[in-house]
Amino acid sequence: MAPPTIAFRPRGHAKLLVCSLAGLVAGAVLLRVGRWVVGPWAPYAGLLAGAVLVLVGAIGYGVYWGRQPVGRPADASILAFWQGVLRYAVAFDLSLIGWQKIFKLQFFVPLGMLDLPFSSFSGEDLTWAYFGYSYPYRCTIGALQIGGALLLLFHRTRLLGVLTLLPVMVNILLVDYFYQLPVGVFMQALIHFICLLYLGGLDYERLITLFLRTPPHLPRLAIRRPLVRTLLRLSVVYGPLLLLSVHEFPDTYPQLTGKYAVRNVQLNGRALAAHSCQDSVLTTVYLDIDHDCVFEFNDTKRRLYGNYTYEASRRRLRVVWRRPTPRPDTLTATLSPAASGSLQATGHLGQQAVHFTLVKAP
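Residues numbered from 1 in each chain as written. Predicted model: local features only at pLDDT ≥ 70, side-chain atom pairs only at ≥ 80, totals over all residues. Heavy atoms only, no water.

(A) Spotlight on the overall build of the chain. Check the secondary structure of the chain and you find ten helices and nine strands. Here the C-alpha radius of gyration of the chain, 31 Å, is well above what a compact globule of 362 residues would show, namely 21 Å. C-alpha atoms of the chain, sized along the principal axes, occupy 100 × 75 × 35 Å. Classification of the 362 residues of the chain by burial places 31% in the buried group. With the model as given, the accessible surface of the chain reaches about 23500 Å², and the carbon-plus-sulfur share is 65%. Taking the 34 positively charged and 18 negatively charged side chains of the chain as two groups, their mean positions are separated by 11 Å. (Helix = DSSP H or I, 4+ residues; strand = E, 2+ residues; numbered from the N terminus. Rg over C-alpha atoms; globule rule 2.2 N^0.38 Å. Buried < 20%, exposed > 50% of the residue type's maximum accessible area, 1.4 Å probe, protein only. Areas by Shrake-Rupley, 256 points an atom, 1.4 Å probe, with all protein chains shown as cover. Lys, Arg positive; Asp, Glu negative; His and termini not counted. Charge placed at Lys NZ, Arg CZ, Asp CG, Glu CD.)

(B) Broad picture of the packing of aromatic side chains. Under the counting rule described, the total for this entry stands at 13 aromatic pairs. A ring pair is formed by Y61 and W65, whose centres lie 6.4 Å apart and whose planes are at 40°; its orientation type is tilted. One end of the pair is Y61 and the other is W65, both in helix 2 (residues 44-66) and four residues apart, which spans about a single turn. Looking at Y61, the relative accessible area reads 29%, which means it is partly exposed. Following the ring pairs from residue to residue traces out a cluster consisting of Y61, Y64, W65, F81 and W82. In this structure, K104 is placed above the aromatic ring of Y135, and the distance from its NZ or CZ to the ring centre is 4.9 Å. The ring of Y305 has R323 sitting right over it, with the charged end atom 3.9 Å from the ring centre. (Phe/Tyr/Trp six-rings, centres within 6.5 Å; stacked < 30°, edge-to-face > 60°. Lys NZ or Arg CZ within 6 Å of the ring centre and 35° of its normal.)

(C) Layout of the pattern of salt bridges. Applying the stated rule across the entire model yields nine salt bridges. Ionic pairing is found between D292 and R322, a salt bridge with its closest N-O pair at 3.3 Å. Here the residue D292 occupies a position in strand 4 (residues 292-296), and R322 occupies one in strand 6 (residues 316-323), the gap between them amounting to 30 residues. The partly exposed category is assigned to D292, whose relative accessible area is 25%. Accessibility expressed as a relative area gives 34% for R322, which makes it partly exposed. A salt bridge links R314 to E311; its shortest N-O distance comes to 3.5 Å. On the basis of relative accessible area, R314 is assigned to the partly exposed category, the value being 47%. A network of salt bridges, in which partner residues are shared, links K15, R72 and D75. (Salt bridge = Lys/Arg side-chain N within 4 Å of Asp/Glu carboxyl O.)

(D) How the structure looks around the confidence of the model for the chain. Averaged over every residue, the pLDDT of the chain is 90; the share at 70 or more is 96%. Low pLDDT, under 50, characterises residues 1-7; the stretch is placed with zero contacts to residues that sit more than four places away or in other chains. (pLDDT = per-residue confidence, 0-100. Contact = heavy atoms within 4.5 Å.)

(E) Unusual backbone geometry, seen in detail. Residue P324 is reached from R323 by a cis peptide bond, and omega for that bond is 5°. Note that P324 resides in the loop between strand 6 and strand 7 (331-337). The omega torsion across T325 and P326 is -5°, close enough to zero to call that bond cis. Its place among the elements puts P326 in the loop between strand 6 and strand 7. Notably, F107 is not glycine yet its phi reads approximately 60°, a positive angle. When you line up the elements, F107 lands in the loop between helix 3 (75-102) and helix 4 (111-114). For H291, which is not a glycine, the phi torsion comes out positive at approximately 75°.

(F) Highlighting the pairing of strand 8 (residues 343-349). Pairing between strand 7 and strand 8: seven bridges, direction antiparallel. If you follow S336 over to strand 8, its bridge partner there is Q344. Count of turn residues in the strand 7/strand 8 antiparallel hairpin: five residues, of which S340 carries a positive phi of about 60°. Direction of pairing for strand 8 relative to strand 9 (residues 352-360): antiparallel, over a ladder of seven bridges. Of the residues in strand 9, the one forming a bridge with Q344 is T357. The hairpin formed by strand 8 and strand 9 contains two residues between the paired strands, and G350 there has a positive phi angle of roughly 70°. (Pairing = 2+ DSSP bridges.)

(G) Just the side chain of E296, in detail. Here E296 lies in strand 4. Of note is the side chain of E296, whose polar atom sits 2.7 Å from the side chain of R303. With residues near it in sequence (within four places) discarded, E296 still touches V281, L282, T283, T284, Y286, R302 and R303. (Polar contact = N/O pair within 3.5 Å; in protein donor to acceptor, adjacent residues only side chain to side chain.)

Shown next, in the form of structure tokens:
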């Protein structure tokens, strides 16, 4: 007996959607690959015009196709063509990105930049420096993108490819957005994500059956009361909150938190100043919200690390050092406001009288 035939009856909006997505991702891939391959010789405006023409042409065909009668014999092959274009374009671009990671063409930060202060990094530089630190991690993400792209091209493994790539793309989207990567990078990831959602939606019924309608095979706990079961399940949410509610959080002093430049340093009434990089004079103070502090002496290699407490009523700052060892004497100082929002610190470092001015850095 011959297998039953499946009637493909895409309606107008479905036809326009698949054509638009296929044109969008194909145009984006054309623009990206074109800039990478022939960018030095071809003007960007020409590449952009080619990408726009691909998108406009695909949308135009989608409008024309949508006006044709539903249920034509040719609809199945036309739908297969546009879905094939969409799958291949997404797979090609993701595979290219994966190989770029493996061959160290992504997550690359110049060595000279790595010696700059951490706070000077942009969100993009910070992201690339962090993810580029581990080459095995880079290869793992690249392999997932290449493997998932390959799975997209086979009918039997298309859904597995979507389920492999979606978590990767969600993570990339969140990083691109919250770390403020260039708009073009974010839009590229967004296009991939939307296309993967479309491909996953083609198997909507299979997914619903798999995740929601398939009866569970694991044994259940013998808890007869629904309320008890519900409370037990919700305990994973309210349980940690209850634990945190009894935790003793340290007092925070947001008015002190920040980086300070140190001016007018005096030790036992004698003024100190750094005339060269070799002079060990206090130049920078860091006060964190979790009571950590760092006092830097004209070089990042000359630092004292400690914990501070602050009595707001007495304006009293007290610092107990953790390292280096042997530990220096405890610092106690009174902070008083001065001109331009700076703070005057007057107190003692062990038996020595100290005085300095803290000027908060932006």
